[in-house]
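Remarks on the overall topology
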Amino acid sequence: MKFVDELFELYRGRLQGTEDDLDMITLTVLGEMSEADILSVIGEMPKDELAWLFRVYLYEGLKEKFNRDQIPVRHNREFH
């Protein structure tokens, strides 16, 4: 998680780590990166990080679809 580690070090001590802070960091970074920049970061990820990224993408996408269809997602185990 080289890129995440670099962002963490950049913002360490400046923010509290609230969900609002994390949203702000994420939106700021995405707003400043080109598609080529994003693909470059993804291209540097080891296979296990790439698999984790895809897992989170699938999980969050499906969760959003279930919520949109008003099908409750039951929490029977810790995801992370």
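The text that follows walks through the structure, step by step, so that each part is easy to find.

What counts as what
Every chain is numbered on its own, with residues counted from 1 as its sequence reads. Owing to the predicted nature of the model, reporting of local features is limited to residues with pLDDT of at least 70; listing and counting of side-chain atom pairs is limited to 80 or more, with chain, interface and lining totals taken over all residues. To obtain the side-chain values, all non-hydrogen atoms of the structure were used and water was disregarded. Labels follow the DSSP assignment, with helices taken as runs of H or I lasting at least four residues and strands as runs of E lasting at least two, numbered in each case from the N terminus. Each radius of gyration is computed over the set of C-alpha atoms, and the globule rule expresses the reference value as 2.2 Å times the number of residues to the power 0.38. Three labels apply to residues, based on accessible area from a 1.4 Å probe with only protein chains included: buried if under 20% of the type maximum, exposed if over 50%, partly exposed otherwise in between. In these tables, accessible area is a Shrake-Rupley quantity obtained with a 1.4 Å probe, and a residue counts as shielded only by the protein chains included in the view. For the purpose of counting charges, residues Lys and Arg are taken to be positive, whereas Asp and Glu are taken to be negative. His and the chain ends are not included. Where a charge lies is defined by one atom per residue type, namely NZ (Lys), CZ (Arg), CG (Asp) and CD (Glu). Here the expected length of a helix is defined as 1.5 Å per residue gap, with one fewer gap than residues. Summarising the geometry, the arc corresponds to the directions from the helix axis toward the C-beta atoms. Contact between two residues is taken to exist if any of their heavy atoms lie within 4.5 Å; hydrogens are not considered. When a carboxyl oxygen of Asp or Glu lies within 4 Å of a side-chain nitrogen of Lys or Arg, that pair is called a salt bridge. For the purposes of these results, a polar contact is taken to be a pair of N or O atoms within 3.5 Å, where, inside protein, one atom must be able to donate a hydrogen and its partner to accept one; residues adjacent in sequence count only when each atom of the pair is a side-chain atom.

1. Quick look at the overall build of the protein chain
Helix and strand counts for the protein chain stand at four helices and zero strands. Secondary structure elements in the protein chain, listed N-terminal to C-terminal, are α-α-α-α. Over its C-alpha trace the protein chain gives a radius of gyration of 15 Å, far above what one expects of a compact globule, namely 12 Å for 80 residues. Of all 80 residues assigned to the protein chain, the portion counted as buried reaches 10%. Counting only carbon and sulfur atoms, one obtains 57% of the accessible surface of the protein chain, whose full area is about 7,300 Å². Within the protein chain, the 17 negative side-chain charges are centred at a point lying 7 Å from the centre of the 10 positive side-chain charges.

2. Remarks on helix H2 (residues 19-32)
An ideal rise of 1.5 Å per residue puts 20 Å on 14 residues; H2 measures up with 20 Å between its terminal C-alpha atoms. For H2, every residue scored as buried is listed here: Asp-21, Ile-25 and Val-29. Each buried residue of H2 sits inside an arc of 60° when the element is viewed along its axis, so together they form one side. Among the exposed residues of H2, those oriented more than 90 degrees off its buried face are Glu-19, Asp-20, Leu-27 and Gly-31. Here the buried face of H2 lies against helix H1 (2-11).

3. A closer look at the side chain of Asp-21
Assignment of secondary structure puts Asp-21 in helix H2. The side chain of Asp-21 sits in the buried core without any salt bridge; Arg-14 is the nearest counter-charge, 11 Å away. A polar atom in the side chain of Asp-21 sits 2.7 Å from the backbone nitrogen of Gln-16. If sequence neighbours within four positions are ignored, Asp-21 has contacts with Leu-15 and Gln-16.

4. Digging into the side chain of Glu-49
If you trace the backbone, Glu-49 turns up in helix H4 (residues 47-68). Here Glu-49 is buried and forms no salt bridge, its nearest opposite-charge partner Lys-2 lying at an N-O distance of 10 Å. Setting aside residues no more than four positions away along its own chain, Glu-49 makes contact with Met-1 and Lys-2.

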